[in-house]
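# Analysis of the macromolecular model
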Amino acid sequence: LALPNTLADPVGNNGWIVLIITGALFIGLFVLYDQIFKLYPGKDFFEIVKETLGFFYYPSLMIMFIYFILTAAIVARILGELMKIFLLQSTPIGVIVLVFIIACSYLTSYEIDSIGRLGYFIYPIIIVFTIFIVVMSLPKADFTNLLPVLQTDTKSIIKGVGVALFSFYGIEISLFA
């Protein structure tokens with residue numbers, strides 16, 4: 001929710017260009033992941049990493065474990081703060097985060113198909129609300145706010161990509177799925 005404001009500092013009106021560049025980088029990353037999985041058919045992520053890294057398998061797993069714990073903590077904290085600001089002003093943030101952690105722990109205690117079935121329920125709701133918001137906001141949209149285009153220098157664009165990367169943070173968790 002804070003990304004547009006955060007991107008406006010380094011790149012001004014060209015924040016949308018930064019998001020397209022960052023999205024393209026992550027699409028490229030997923031194409032690379034796909035090619036790696038095609039090189040090792042029938043193997044999961046851990047088998048591929050063990051085969052390719054050899055001795056460094058266990059240290060890399062520890063680094064990944066720490067990374068995922070930190071990612072989960074950051075996401076839980078940010079989500080808790082957003083919920084506190086917009087919905088639950090008088091609820092302590094610790095309670096909000098604890099409820100999210102318990103709900104996510106309960107969800108992840110099942111197999112991946114259960115999580116996929118939850119997606120069948122949640123994604124249509126998200127898509128309907130997104131379409132509703134876009135349709136309701138289009139009549140009042142002022143596309144001249146996108147102008148002037150490409151007035152930002154390359155150094156600022158690169159800095160903006162670094163800022164936008166945080167929005168895609170943790171997306172590699174899909175490797176486990």
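Owing to the predicted nature of the structure, the values given are computational and were not obtained by experimental measurement.

Scoring rules and cut-offs
- Residues numbered from 1 in each chain as written.
- Predicted model: local features only at pLDDT ≥ 70, side-chain atom pairs only at ≥ 80, totals over all residues.
- Heavy atoms only, no water.
- 1 Å grid on protein atoms, 1.4 Å probe; cavity = no way out; pocket = protein on both sides within 12 Å on 5 of 7 lines; lining within 4 Å.
- Points joined across faces, edges and corners; volume = space filled by probe spheres on them.
- Helix = DSSP H or I, 4+ residues; strand = E, 2+ residues; numbered from the N terminus.
- Nonpolar A, V, L, I, M, F, W, Y, C, P; charged D, E, K, R; others polar.
- Buried < 20%, exposed > 50% of the residue type's maximum accessible area, 1.4 Å probe, protein only.
- Contact = heavy atoms within 4.5 Å.
- Axes fitted to C-alpha atoms, helices over the stretch in contact; angles between N-to-C directions.
- Parallel < 35°, antiparallel > 145°, perpendicular 65-115°, else oblique.
- Phe/Tyr/Trp six-rings, centres within 6.5 Å; stacked < 30°, edge-to-face > 60°.
- Expected span 1.5 Å × (residues − 1).

### A closer look at the layout of surface pockets
- Space inside the second largest pocket adds up to approximately 180 Å³.
- When residues of the lining of the second largest pocket are traced back to their parent elements, those giving at least two are α1 (3-11) and α2 (15-39).
- Here the lining of the second largest pocket takes 4 residues from α1, the largest share from any one element.
- Class assignment for the residues of the lining of the second largest pocket results in 7 nonpolar, 4 polar and no charged.

### Things to note about the environment of Ala 164
- Structurally, the position occupied by Ala 164 is in helix α7 (residues 154-165).
- The class of Ala 164 is buried, set by a relative accessible area of 0%.
- For the pair formed by Ala 164 and Ile 20, sequence separation is 144 residues and the distance between their alpha carbons is 9.9 Å.
- Sequence-distant contacts of Ala 164, defined by excluding residues within four places in its chain, comprise Leu 3, Leu 7, Val 18, Leu 19 and Thr 22.

### Some remarks on the packing of α1 against α2
- Put simply, α1 and α2 touch, their axes get as near as 9 Å, and they point 105 degrees apart. By the angle class used here, α1 and α2 are roughly perpendicular. Every residue of α2 that contacts α1 at Leu 3, Leu 7 and Val 11 is listed here: Gly 15, Val 18 and Leu 19.
- The residue makeup of the contact of α1 with α2, split by class, is 5 nonpolar, 1 polar and no charged.

### So, the packing of aromatic side chains
- Under the defined criterion, the tally for this structure stands at 5 aromatic pairs.
- Taken together, a centroid distance of 5.6 Å and an interplanar angle of 85 degrees make the contact between Phe 30 and Tyr 33 edge-to-face. Pair noted here: Phe 30 and Tyr 33 are both in helix α2, with a separation of 3 residues, about one helical turn.
- Between the aromatic rings of Tyr 67 and Phe 68, the centroid separation amounts to 5.4 Å while the plane-to-plane angle is 55 degrees, which identifies the pairing as tilted.
- The exposure class assigned to Phe 68 is buried, which follows from its relative accessible area of 18%.

### Details of α2
- Across its 25 residues, α2 extends 36 Å between first and last C-alpha, which sits within 8% of the 36 Å expected from 1.5 Å per residue.
- Regarding α2, the residues found buried are Gly 15, Ile 17, Val 18, Thr 22, Gly 23, Phe 26 and Tyr 33.
- For α2, the secondary structure elements touched by its buried residues are α1 and α7.

### Topic: helix α4 (residues 57-86)
- Across its 30 residues, α4 extends 43 Å between first and last C-alpha, which sits within 8% of the 44 Å expected from 1.5 Å per residue.
- Buried within α4 are the following residues: Tyr 57, Ser 60, Met 64, Phe 68, Thr 71, Ala 76 and Gly 80.
- Those residues of α4 that are buried lie in contact with α3 (45-53) and α5 (93-108).

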